[in-house]
Amino acid sequence: MRPKMNILSEELVDQIIAEGFELLMDPGVRVHNEEALRLLADAGARVDMETQIAYIPESIVRQALKTRPSEFYLYNLDGDPVVHYGGDSVQFDPGSAAITILDSETQEQRKPVTEDFVKFVKLVETIPQLDAQSTAMICADVPEEIGDLYRLYLALNYMRKPIITGAFRKDTWWTMKDMLVAMVGSEEALAAKPIAVFDVCPSPPLLWSDLTCQNMIDCARYRIPSELVSMPLAGATAPVTLAGAVVQHTAECLSGVTICQLAQEGAPIVWGGSPAAFDMREGTTPMGAVGTWMIDCAYTQVGKALGMPTHAYLGMSDAKIVDAQCGLESSGGTLMAALAGVNMVSGAGMMDFESCQSYEKLVIDAEIIGMAKRLVAGIERRDDPIALTLMRKLGHRADYLAQPHTLKWFNKELYIPSAVIDRGSMEGWKRKGAKTTWERAQDRVAELLATYEPSPISGELRGELHDIATTAARKFGMDELPPLPQD
Amino acid sequence: MVDKLLTGITTSIVEGEPDKTVDLTRQAIEAKVEPLTIIDEGLVPGMNVVGAKFQSGEYFLPHLIIAASGMQQAMELLEPELKARQEAVERAGTVVIGSVAGDIHEIGKSLVGTMMAANGFQVYDLGVDVATETFVAKVQETNADILGLSALLTTTMTVQREIIEALEEAGIRDQVKVIIGGAPVNQEWANTIGADGYADDAVGAIELAKQLVG
């Protein structure tokens, strides 16, 4: 049996969904995108073009919930389905779009540049616990206008795993789409075996901005998966009651699924988010708050009740350095996400709310993820009888370590962490230099990076990616992209 | 044919298949392969690979113990053959090991004993709750180079001191190196009671033993 946590009663789930539908009629959803308003109007929704508010009847939404896929796969560059969006599959990728990197030498935050993100992508490739890449940081050495496509360009040069990404503008989405098409050969191939998901973020409460709405529609038309990132801020931009925040999340996601399916029936779309329980002392958006985790788990349960693939930003910390708070907050969110059965959990490596990425935190989080994956794999009956045969054979001898039975099962039954986690004796720990978690994480980063194997893509394809990205860069005053770091 | 058997023995040790090790060793004996060749070119290279894989983190304790068990079972087959030829395996040394009187903890001591055997020591494992006079008698009987004393409790670690005193009384203290281990034990305690060495894990114990007999 797979351990599974349900945080809401069935009755509460039903009421949250019912109220979500009601919000779509009153007060309706603000949609700052003409194409989406037209799609909604054509489908029979009442649309006020002046206020840009759509009043969406339940019947249209119910229709969208019939045509959206309940599951789909992401593929790696070898064409293998490696990420399953659907059911209770649980997978992990790094937190995305950090604006700073925690410097490995100074332990201070600074703006990341090309070299930092390339190192990060390589590291993610080598971390077995991570299932996907993300466009995890925004490089400060290129114009802001190409920040989104540039990080995808870099990742595509070094990755094999699929990637969670997103666009910051309407026009750059097309450049990003072109690069993805170049990677797999054709638009059809990309639709058949997607290698990327685009995050699309409604603004709380109940608003679809022009940019994010257009990104979602464009993704749908090319059958590229999009991932709804609804972010109610309980007590600030959403009701402070956790159930109330989930109602708002439900309404925003239902409207997103509807617009997506009106643009293209059957386009893959994910029920996701990045909510927070507002901090009433500091006025911040804590990712390490138990209330945040509870909203995430609750909306995941709602999404599953509606048959949707799910996503959440969890497993992050609000700490500014890699310390005890950092570990405890990341553990809590990660374990809760796993137990809730979130299909894609984004957050590894992320700290200082959602602003800073750290290589060291990433490899520590990988151990938390390893433990979380072990947890949800559950306890199975490996033998039948479970223990009688073996225990009778050994009698009262404590000789289990020498049994073939132990050799056969230990690696499946026990999660064995890397040296990031210290389980040696006191003397052993001292002999290895009495290292802190941070220092052991630094060692692990170096060890993993040494095992990175270059991406198999051809020089010709690299050239094509470079041309596409350079053409976009030139529109914003950058004639040549920064050179890729030499190995 | 012979090469294939020897390679098979090595592989069976590395892959943790003691039954196969025993079977192939028997076949090699029947094929008139010299016992020392079986050991030096079949079993030992396998143990070396296992040791290296353990050190690098690829292998874990169960791999180590199972490989050692395969080695030991093969050695039991080979001992009569060696005796018949009046040959002997060159031993790293002779070790007597056990958990001290009043202490019934087995795992740590057995692990060290098994790994010492796998590293070429002749090991006499006396088990748990071993009477002080039994240790002394076995050291005398086997002319042991090393006596390993395990104590997992603060209440039994003092027995380690009593055993060292008993060795002195028997007049054999300077003939044997005493090494101690166990959760409450550390280097400071080793110094206090006049032990010759302390290690905090099995790998450390092997290093220590090799140093002391080297």
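Predicted, not measured: the structure shown is a model, and the values here were computed from it.

How each quantity is defined
- Residues numbered from 1 in each chain as written.
- Chains lettered and ligands numbered in written order.
- Predicted model: local features only at pLDDT ≥ 70, side-chain atom pairs only at ≥ 80, totals over all residues.
- Helix = DSSP H or I, 4+ residues; strand = E, 2+ residues; numbered from the N terminus.
- Buried ≥ 20, exposed ≤ 12 C-beta atoms within 10 Å, placed from the backbone.
- Contact = placed C-beta atoms within 7 Å.
- Nonpolar A, V, L, I, M, F, W, Y, C, P; charged D, E, K, R; others polar.
- Arc of directions from axis to C-beta.
- Domains from an automatic or database assignment.
- Pairing = 2+ DSSP bridges.
- Axes fitted to C-alpha atoms, helices over the stretch in contact; angles between N-to-C directions.
- Parallel < 35°, antiparallel > 145°, perpendicular 65-115°, else oblique.
- Left-handed = near helix turned anticlockwise from the far one by under 90°.
- Core = buried A, V, L, I, M, F, W, Y, C linked by C-beta atoms within 7 Å.

**A look at the overall build of chain B**
Phase 1 of the analysis: If you tally the helices and strands in chain B, you get nine helices and five strands.
Phase 2 of the analysis: Secondary structure elements in chain B, listed N-terminal to C-terminal, are α-α-α-α-β-α-β-α-β-α-β-α-β-α.
Phase 3 of the analysis: Dimensions along the principal axes, computed over C-alpha positions, put chain B at roughly 55 × 40 × 30 Å.
Phase 4 of the analysis: For chain B, buried positions account for 43% of its 214 residues.
Phase 5 of the analysis: A fraction of 72% describes how many contacts in chain B between residues 6 or more apart in sequence connect residues 24 or more apart.

**Thoughts on the interface of chain A and chain B**
Phase 1 of the analysis: Every contact between the two is made by eleven residues of chain A and, on the other side, 13 residues of chain B.
Phase 2 of the analysis: Contributing elements (two or more residues each) for the side of chain A that touches chain B: helix 14 (404-413) and helix 15 (426-431) of chain A.
Phase 3 of the analysis: For the side of chain A that touches chain B, the leading source of residues is helix 14 of chain A, giving four residues.
Phase 4 of the analysis: Of the residues contributing to the side of chain A that touches chain B, the split by class is seven nonpolar, three polar and one charged.

**Focus: helix 7 (residues 157-169) of chain B**
Residue and element names in this part refer to chain B.
Phase 1 of the analysis: Listing the buried residues of helix 7 in full gives Met-157, Val-159, Gln-160, Ile-163, Ile-164 and Leu-167. Across the axial projection of helix 7, the buried residues extend over an arc of 150°, all falling on one side. Facing away from the buried side of helix 7, by more than 90 degrees, are the exposed residues Glu-168 and Glu-169.
Phase 2 of the analysis: The inward-facing, buried residues of helix 7 abut helix 6 (132-142), strand 3 (146-150), strand 4 (177-181) and helix 8 (187-193).
Phase 3 of the analysis: Gly-171 sits one or two positions beyond helix 7 and adopts a positive phi of about 75°.

**Concerning the domain arrangement of chain A**
Frequently, the measure chosen for interface size is the accessible area removed from exposure when the parts meet.
All names here are of chain A.
Phase 1 of the analysis: Assigned domains within chain A: domain 1 (10-62) and domain 2 (66-377).
Phase 2 of the analysis: Using C-alpha coordinates to define each centre, domain 1 is positioned 25 Å away from domain 2.
Phase 3 of the analysis: In this assembly, 23 residues from domain 1 lie in contact with 24 residues from domain 2.
Phase 4 of the analysis: Residue assignment for the side of domain 1 that touches domain 2 shows that the elements contributing at least two residues are helix 1 (10-25), strand 1 (29-31), helix 2 (34-42) and helix 3 (58-67).
Phase 5 of the analysis: Looking at the side of domain 1 that touches domain 2, the element that brings in the most residues is helix 1, giving nine residues.
Phase 6 of the analysis: Residues belonging to the side of domain 1 that touches domain 2 are distributed by class as follows: 16 nonpolar, three polar and four charged.

**Some remarks on the sheet that holds strand 17 (residues 311-313) of chain A**
Each strand in a sheet pairs with its neighbour through backbone hydrogen bonds, running either in the same direction (parallel) or in the opposite one (antiparallel).
Residue and element names in this part refer to chain A.
Phase 1 of the analysis: The three strands lie next to each other as 6-18-17, forming an open sheet whose pairing is parallel. Looking at strand neighbours, the two that pair on one side only are strand 6 (91-94) and strand 17, the edges of this open sheet. Taken over all neighbouring pairs, the strand axes of this sheet differ in orientation by 25° on average, direction set aside.
Phase 2 of the analysis: The pairing of strand 17 with strand 18 (residues 344-348) spans three bridges and is classified as parallel. Directly across from Tyr-313, in strand 18, lies its bridge partner Ser-346.
Phase 3 of the analysis: Against the sheet, helix 12 (residues 359-377) engages strand 6 and strand 18, with an angle of about 145° to strand 18.

**A word on the packing of helix 14 of chain A against helix 4 (residues 61-84) of chain B**
Phase 1 of the analysis: Remark: helix 14 of chain A packs on helix 4 of chain B, axes separated minimally by 9 Å, with the N-to-C direction vectors making an angle of 160°. In terms of axis orientation, helix 14 of chain A runs roughly antiparallel to helix 4 of chain B. Crossing of helix 14 of chain A over helix 4 of chain B shows left-handed handedness. Between helix 14 of chain A and helix 4 of chain B, the residues in contact are Pro404(A), Thr406(A), Leu407(A) and Phe410(A) and Pro62(B), His63(B) and Ile66(B), respectively.

**Describing the domain arrangement of chain B**
Residue and element names in this part refer to chain B.
Phase 1 of the analysis: We note that the domain assignment places domain 1 (2-84) and domain 2 (93-213) within chain B.
Phase 2 of the analysis: Summarising the inter-unit geometry, the C-alpha centres of domain 1 and domain 2 are found 27 Å apart.
Phase 3 of the analysis: At the junction of the two partners, domain 1 supplies seven residues and domain 2 supplies four residues.
Phase 4 of the analysis: Broken down by element, the side of domain 1 that touches domain 2 gets its largest block of residues, six residues, from helix 4.
Phase 5 of the analysis: Of the residues assigned to the side of domain 1 that touches domain 2, the class counts are six nonpolar, one polar and no charged.

**As for the sheet that holds strand 1 (residues 93-99) of chain B**
Residues and elements named next belong to chain B.
Phase 1 of the analysis: With parallel pairing, five strands are arranged side by side in an open sheet as 2-1-3-4-5. Since the sheet does not close on itself, it has two edges, and those belong to strand 2 (121-125) and strand 5 (197-198), each with one partner.
Phase 2 of the analysis: The sheet contact formed by strand 1 and strand 2 spans five bridges and is parallel. Counterpart to Gly-93 in the pairing with strand 2 is Phe-121.
Phase 3 of the analysis: Contacts between helix 5 (residues 107-118) and the sheet are confined to strand 1, strand 2, strand 3 and strand 4, with strand 2 contributing the most and set at about 155° to the helix.
Phase 4 of the analysis: Against the sheet, helix 9 (residues 202-213) contacts strand 1, strand 2, strand 3, strand 4 and strand 5, and its axis sits at roughly 170° relative to strand 4.

**Notes on the nonpolar core**
Nonpolar side chains in soluble globular proteins tend to end up buried together.
Phase 1 of the analysis: The biggest cluster of nonpolar side chains holds 148 residues, and the ones touching the most others in it are Leu40(A), Ala298(A) and Val363(A).
Phase 2 of the analysis: Per-element tally for this core: the top contributor is helix 9 (residues 242-263) of chain A, with eleven residues.
Phase 3 of the analysis: Counting the residues that make up this core, at least three belong to each of domain 1 (10-62) and domain 2 (66-377) of chain A.
Phase 4 of the analysis: When near neighbours in sequence (up to four residues on either side) are disregarded, Leu40(A) contacts Val31(A), Ala45(A), Val47(A), Ala54(A), Ile56(A), Ile259(A) and Leu262(A).
Phase 5 of the analysis: Core analysis: the next-biggest nonpolar cluster, separate from the first, contains 62 residues, Leu401(A), Ile9(B), Met115(B) and Ile179(B) among them.

**A look at unusual backbone geometry**
Phase 1 of the analysis: Of note, the bond from Pro204(A) into Pro205(A) is cis; its omega dihedral lies within 30 degrees of zero at -5°.
Phase 2 of the analysis: Tracing the backbone through its elements, the reader meets Pro205(A) in the loop between strand 11 (196-200) and strand 12 (207-208).
Phase 3 of the analysis: Here the phi dihedral of Phe353(A) falls at roughly 65°; this positive angle occurs in a residue that is not glycine.
Phase 4 of the analysis: Structurally, Phe353(A) is set in the loop between strand 19 (350-351) and strand 20 (356-357).
Phase 5 of the analysis: Phi at Lys32(B) is positive, roughly 65°, even though this residue is not glycine.
Phase 6 of the analysis: What makes Lys32(B) exposed here is the crowd of 7 C-beta atoms within 10 Å.

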